[in-house]
Amino acid sequence: MKTLIIAAHPDLGVSQANRALIDAVKGEQGIFVHDLYAEYPDWNIDVAREHRLLTEHDRIVLQFPFYWYSTPPLLKKWFDDVILSGWAYGPGGYRLKGKEFMVATTAGGTEKSFQAGGDNWYAMSEYLKPIQGTINKCSGVFLPPFVVYDANRADGSRLQQEGRRYAEHIRMPYRVLVH
Ligand SMILES: Cc1cc2nc3c(=O)[nH]c(=O)nc-3n(C[C@H](O)[C@H](O)[C@H](O)COP(=O)(O)O)c2cc1C
């Protein structure tokens, strides 16, 4: 299985959590890390290149720090620019059909806070519904997400542990992930 990680952190230079996740999988066989903010400093996304990358991989991981209950802005722009009618959905748009998509996100909030009655009210899976909807629209397969909670308080050893958990999670076969 060929896995594409589309990483979207506005400043990996100051990141701890996303940096640790990338370090845990970068260079692994079958995994290609595509750093959106590094590739497109002018935000001018090469749509044909993105389409090629998507076509060449079986599983796409969207990795980002959770910002205001959503994605950082360049990843939102990536969706707007790349997920096109006639290519990804709509008449003649079948290129993502059956492809596996997974969100990997890091959040400042604790896991306990992301539930009814908690500080963040809803589970992470609720906040990810716009992405899930987009993948469903393209007949892709939306897999259970990988989430690092309480990310700003993670020390080096927890970040390493999360990195190992990430490496396992993104390699898990569909059947294991969904049951
Ligand atoms: C602009 C901004 C918005 C944020 N919004 C949220 C949020 O809505 N919920 C949350 O749990 N954490 C939020 N955070 C915390 C980040 O998710 C957290 O700092 C990040 O995941 C840590 O990852 P990093 O070390 O790779 O930067 C926000 C941080 C920033 C800078």
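Worth saying up front: this structure is predicted, and the values here are computed from it rather than measured.

### So, the site of the ligand
Step number 1: Lining the immediate surroundings of the ligand are 16 residues, of which His9, Ser15, Asn18, Phe66 and Thr106 lie closest.
Step number 2: At 3.1 Å from a nitrogen atom of the ligand is found a main-chain nitrogen or oxygen belonging to Gly108.
Step number 3: Within the backbone of Gly109, one N or O atom sits 2.9 Å away from an oxygen atom of the ligand.
Step number 4: Here the ligand loses 76% of its free accessible area of 630 Å² to cover by the protein chains.
Step number 5: Given that more than half its atoms are within 2 Å of the pocket grid, the ligand belongs to the largest pocket.
Step number 6: Along the lines of polarity and charge, the residues of the shell around the ligand split into eight nonpolar, eight polar and no charged.

### A closer look at the confidence of the model for the chain
Step number 1: Looking at the chain, the pLDDT average stands at 98 and 100% of residues meet or exceed 70.
Step number 2: Across the chain, strand β3 (residues 59-65) holds the top mean pLDDT of 99, while helix α8 (residues 174-178) sits lowest at 97.

### Side note on helix α4 (residues 73-82)
Step number 1: Within the sequence span of α4, burial applies to Leu74, Leu75, Trp78, Phe79 and Val82. Projected onto a plane normal to the axis of α4, the buried residues spread over an arc of 150° and lie on a single side.
Step number 2: Tucked inside the fold, the buried residues of α4 contact β1 (3-7), α2 (36-39), α3 (47-56), β3 and α6 (129-137).

### Quick word on the pattern of salt bridges
Step number 1: Summed over the entire model, instances satisfying the criterion amount to 10 salt bridges.
Step number 2: Across the pair Arg165 and Glu162 runs a salt bridge whose closest N-O atoms are separated by 2.7 Å. Separated by three residues within a single helix, Arg165 and Glu162 lie in helix α7 (residues 156-171), roughly one turn from each other.
Step number 3: Ionic contacts of the salt-bridge type, sharing partners, join the residues Arg158, Glu162 and Arg165 into one network.

Rules used throughout
- Position numbers for residues start from 1 in each chain and track the written sequence from start to end.
- Residue-level local features of this predicted model are given only where pLDDT is at least 70; pairs of side-chain atoms are given and counted only at 80 or more, and the full residue set underlies all totals for whole chains, interfaces and linings.
- Think of the side-chain values as coming from all heavy atoms in the structure, minus any hydrogens and water.
- Near, as used in this document, describes a residue that has one of its heavy atoms within 4 Å of the molecule or strand being considered.
- Between N or O atoms, a polar contact is any pair within 3.5 Å; within protein, one atom must be a potential hydrogen donor and the other a potential acceptor, and residues adjacent in sequence are included only when both atoms are from side chains.
- Computed with a 1.4 Å probe, the accessible areas rest on the Shrake-Rupley method; for each residue, only the protein chains presented here act as cover.
- Points on a 1 Å grid over protein atoms alone make up a cavity when a 1.4 Å probe fits among them but cannot get out, and a pocket when they form an open set with protein on both sides within 12 Å along at least five of seven lines; lining residues each have an atom within 4 Å of a point.
- Just a note on the criterion: a molecule sits in a pocket or cavity if more than half of its atoms are within 2 Å of the grid points.
- Amino acids are sorted into nonpolar (Ala, Val, Leu, Ile, Met, Phe, Trp, Tyr, Cys and Pro), charged (Asp, Glu, Lys and Arg) and polar (every other residue, Gly among them).
- Values of pLDDT, which run from 0 to 100, indicate the predictor's confidence residue by residue.
- Only DSSP runs of H or I covering at least 4 residues are called helices, and only runs of E covering at least 2 are called strands; the numbering of each starts at the N terminus.
- Residue burial is assigned from relative accessible area. The probe radius is 1.4 Å, only protein chains are included, and a residue is buried under 20% of its type maximum, exposed over 50%, and partly exposed in between.
- Relevant arc is that of directions from the helix axis to the C-beta atoms, nothing else.
- The contact criterion used throughout is that any non-hydrogen atoms of two residues lie within 4.5 Å.
- The term salt bridge refers to a side-chain nitrogen of Lys or Arg lying within 4 Å of a carboxyl oxygen of Asp or Glu.

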